[in-house]
Amino acid sequence: MQPNRAQATRLHISLLAGSLLMVAPFLWMISASLQTLAEVEAFPPVWIPGVPQWQNYITSLVEYQTARALVNSTVVTLVSVAGQLLICSLSAYAFSRLRFRGRDQFFLLYLATMMIPHYVTIIPLYTLVWSAGLIDTYAALIVPGLFSPFGTFLLRQFFNQIPISLDEATLIDGGSHWQIFWYVILPLARPGLGALGIFSFLGIWNTLFWPVLVINSKELFTLPLALAMAQGQFVSLINVQMAGAVIACVPVIVMFLLLQRQFIESLALSGMKG
């Protein structure tokens with residue numbers, strides 16, 4: 001009994017040490033956002049600011065134009081995530097529940113697009129957006145994020161776990177495929193929708209490369225783009241840069257806290273199924 005307890009203690013200490021190493025940069029970022037420039041540049045590093053400098057956040061919101069960029073990122077991300085959930089769930093329902101000729105072959109072909117590196121599709125995608133006259137618009141940021149083969153695959157796997165007998169019972173009661181999708185499938189697939197929502201939110205919120213290509217106006221800058229463009233102008237103000245980074249992290253943390261139960265349920269269900 002005693003060796004097992006000692007082994008468990010060593011394991012917990014190791015996990016705690018690893019957790020502290022992972023969290024340390026995030027904690028320093030928060031601390032640096034509240035420090036003066038002299039404290040940030042001090043060595044050894046200062047972990048607790050003498051007097052919290054809340055004006056760093058005001059400087060970031062006003063001079064970095066983080067406030068406007070925060071609104072842009074919120075609008076683009078929420079619309080893109082909502083659209084992606086709708087489109088992926090509809091396509092997943094078709095691949096999971098509908099019977100049509102060549103369905104499985106078409107699904108494999110659809111999944112094969114996941115093997116194509118993202119950067120290979122950048123030029124064709126940019127050409128399509130430019131041809132449609134969408135450069136420097138919200139649509140250029142939103143439309144490409146509405147479609148996700150991974151999201152379709154993920155939701156299809158969840159839909160396949162739902163008994164087909166529920167569909168048959170709804171059809172016998174006079175229901176339609178739309179009613180099956182909306183009132184039966186979606187409520188039972190909330191863990192999958194929550195997991196896909198988190199993945200999509202993180203991917204769209206943090207993307208930088210695509211906005212750099214399609215956005216020219218500062219009024220349409222997303223948060224990562226605004227912070228990247230401001231880095232050259234405020235390169236010496238590390239404390240203000242850290243304040244902007246904290247602002248960019250807050251919505252991601254809130255999103256995870258809101259959907260963490262669905263995310264954990266999705267991992268549990270996937271583990272049970274595997």
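Think of each chain on its own: its residues are numbered from 1, step by step along the sequence as written. Local features in this predicted model are restricted to residues of pLDDT 70 or higher, and side-chain atom pairs are both shown and tallied only at a pLDDT of 80 or more, whereas totals for entire chains, interfaces and linings draw on every residue. With hydrogens and water excluded, all non-hydrogen atoms of the structure serve as input to the side-chain values.

## Thoughts on the nonpolar core
In this structure, L141, F201, W210, V214, I215 and L223 are the most contacted members of the largest nonpolar core, which totals 27 residues. Runs of E in the DSSP output that reach at least two residues are strands. Runs of H or I that reach at least four are helices, and both are numbered from the N terminus. For this core, the elements supplying multiple residues, two or more each, are helix 4 (66–97), helix 6 (122–131), helix 7 (138–142), helix 11 (190–206), helix 12 (209–214), helix 13 (223–233) and helix 14 (238–273). Contact between two residues is taken to exist if any of their heavy atoms lie within 4.5 Å; hydrogens are not considered. If we skip the residues at most four places from it in the chain, L141 touches V76, S80, W210, P211, V214, I215, L220 and T222. For the purposes of this section, nonpolar cores are sets of buried Ala, Val, Leu, Ile, Met, Phe, Trp, Tyr and Cys residues that join through side-chain atoms within 4.5 Å. Working definition: with a 1.4 Å probe on protein chains only, accessible area under 20% of the residue-type maximum means buried, over 50% means exposed, and in between means partly exposed. L155, F158, F159 and L193 belong to the second-largest nonpolar core, a separate cluster that totals 16 residues.

## What to know about the packing of aromatic side chains
A pair of aromatic rings is counted whenever rings of Phe, Tyr or Trp (Trp by its six-membered ring) have centres within 6.5 Å, and the orientation is called stacked for planes under 30 degrees apart, edge-to-face for over 60 and tilted otherwise. Evaluation of the coordinates by the stated rule reveals ten aromatic pairs. Where F95 meets F107, the ring centres are 5.0 Å apart and the plane angle is 55°; that geometry is what we call tilted. In this pair, F95 is assigned in helix 4 and F107 in helix 5 (residues 103–112), connecting sequence segments twelve residues apart. Take F107: its relative accessible area is 6%, and that puts it in the buried class. Joined through ring pairs, the aromatic side chains of Y93, W178, F181 and W182 make up one cluster. Across from the ring centre of F107, 4.2 Å away, lies the NZ or CZ of R156, which sits over that ring. Sitting over a ring, as applied to charges here, requires NZ of Lys or CZ of Arg to be within 6 Å of the ring centre and within 35 degrees of the ring normal.

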